[in-house]
Amino acid sequence: MNNTFLGKRLKGCFYAIKGALLLIKNEASIQVQFVIAILITIAGFYFEISKTEWMFQIFAIAIVMSAEGLNTAIEEIANFVHPNFHNKIGYIKDVAAGAVFFAAIAAVVVACIIYFPKFGWV
């Protein structure tokens, strides 16, 4: 079964789930994002947001969590390749963190668009 098409896909899913759980267990930044994702999901149910709002909210959460995971992977590779400080490694890590920043800002904008009207702020 392991060498079949389906077996390989199932094995790949296992590794993906394992990686997601490792991120949540070991990475403080992902833990913060995970808690925020849970809170904003609860808010979505509380305020009964529309299907379209759910799609944007889920997409924003997924983008931030994915960017954070990729940032962690880039940092781990950079630290493995060059454990000591190096300007180029520092640049690579800063750029990866910058990508997470862009995703997080976009997610905050999405949240504001969805939730500000629920509080009568817009």
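It should be noted that the structure appears before, not after, this text.
Analysis parameters
- Residues numbered from 1 in each chain as written.
- Predicted model: local features only at pLDDT ≥ 70, side-chain atom pairs only at ≥ 80, totals over all residues.
- Heavy atoms only, no water.
- Helix = DSSP H or I, 4+ residues; strand = E, 2+ residues; numbered from the N terminus.
- Rg over C-alpha atoms; globule rule 2.2 N^0.38 Å.
- Buried < 20%, exposed > 50% of the residue type's maximum accessible area, 1.4 Å probe, protein only.
- Contact = heavy atoms within 4.5 Å.
- Areas by Shrake-Rupley, 256 points an atom, 1.4 Å probe, with all protein chains shown as cover.
- Polar contact = N/O pair within 3.5 Å; in protein donor to acceptor, adjacent residues only side chain to side chain.
- Patch = residues over 30% accessible without salt bridge, like charges linked within 9 Å, V, L, I, M, F, W, Y side chains within 5 Å.
- Salt bridge = Lys/Arg side-chain N within 4 Å of Asp/Glu carboxyl O.
- Core = buried A, V, L, I, M, F, W, Y, C linked by side-chain atoms within 4.5 Å.
- Phe/Tyr/Trp six-rings, centres within 6.5 Å; stacked < 30°, edge-to-face > 60°.
- Lys NZ or Arg CZ within 6 Å of the ring centre and 35° of its normal.
- Expected span 1.5 Å × (residues − 1).

Asker: Whenever I open this one, the overall build of the chain confuses me. Can you help?
Answerer: Looking only at helices and strands, one finds four helices and zero strands in the chain. Helices (α) and strands (β) of the chain occur, in sequence order from the N terminus, as α-α-α-α. Relative to the compact-globule value of 14 Å for 122 residues, the chain shows a C-alpha radius of gyration of 18 Å, a clear excess of over 25%. Among the 122 residues that make up the chain, the fraction classed as buried is 23%. If you take every contact in the chain between residues at least 6 apart in sequence, the share linking residues at least 24 apart comes to 61%. Summed over its atoms, the accessible surface of the chain is roughly 9000 Å², and 73% of this surface lies on carbon and sulfur atoms.

Asker: Is there a simple way to think about the environment of His82 in this case?
Answerer: Assignment of secondary structure puts His82 in the loop between helix 3 (51–81) and helix 4 (87–115). Classification of His82 by relative accessible area gives partly exposed; the value is 29%. Of note is the side chain of His82, whose polar atom sits 3.0 Å from the backbone oxygen of Asn84.

Asker: How do you make sense of a nonpolar patch on the surface when you look at a structure like this?
Answerer: A cluster of nonpolar side chains, Phe34, Val35, Ile38, Leu39 and Ile42, forms an exposed patch at the surface whose accessible area comes to about 440 Å². Take Ile38: its relative accessible area is 39%, and that puts it in the partly exposed class.

Asker: What am I meant to see in the nonpolar core here?
Answerer: As a rule of thumb, nonpolar side chains are buried together in soluble globular proteins. Residues Ala43, Ile49, Trp54, Ala60, Val64, Ala67, Val100, Ala103, Ala107, Val110, Ile114 and Tyr115 constitute the largest nonpolar core, which totals twelve residues. When residues of this core are traced back to their parent elements, those giving at least two are helix 3 and helix 4. Not counting residues up to four positions away in its chain, the partners in contact with Ile114 are Ile49, Glu53 and Gln57.

Asker: Could you clarify how one ought to interpret the packing of aromatic side chains in this entry?
Answerer: What characterises a pair of aromatic rings is the spacing of the ring centres plus the angle enclosed by the ring planes. Within this structure, the stated rule accounts for eight aromatic pairs. Ring centres of Phe47 and Phe119 lie 5.3 Å apart, and the angle between their planes is 65 degrees; on these two criteria the pair is classed as edge-to-face. One end of the pair, Phe47, is in the loop between helix 2 (28–46) and helix 3; the other, Phe119, is in the segment after helix 4, with 72 residues separating them in the sequence. For Phe119, a relative accessible area of 46% gives the class partly exposed. Members of the aromatic cluster, joined through ring pairs, are Tyr46, Phe47, Tyr115, Phe116, Phe119 and Trp121. Taking NZ or CZ as reference, Arg9 lies 4.6 Å from the ring centre of Phe5, over its face.

Asker: Just checking my understanding: could you explain helix 4 for this structure?
Answerer: Spacing of three or four residues puts side chains on the same side of an α-helix, whose turn is 3.6 residues. The first and last C-alpha atoms of helix 4 sit 41 Å apart over 29 residues, in line with the 42 Å expected at 1.5 Å per residue. Looking at the packing, one finds that the buried side of helix 4 touches helix 2 and helix 3.

Asker: Can you walk me through the pattern of salt bridges in this structure?
Answerer: Note that side chains of opposite charge can pair when their charged atoms are close. All chains considered together, the criterion is met by one salt bridge. Residue Glu53 pairs with Lys118 through a salt bridge whose shortest N-O separation is 3.6 Å. Within this pair, whereas Glu53 is found in helix 3, its partner Lys118 is found in the segment after helix 4, the two being separated by 65 residues in sequence.

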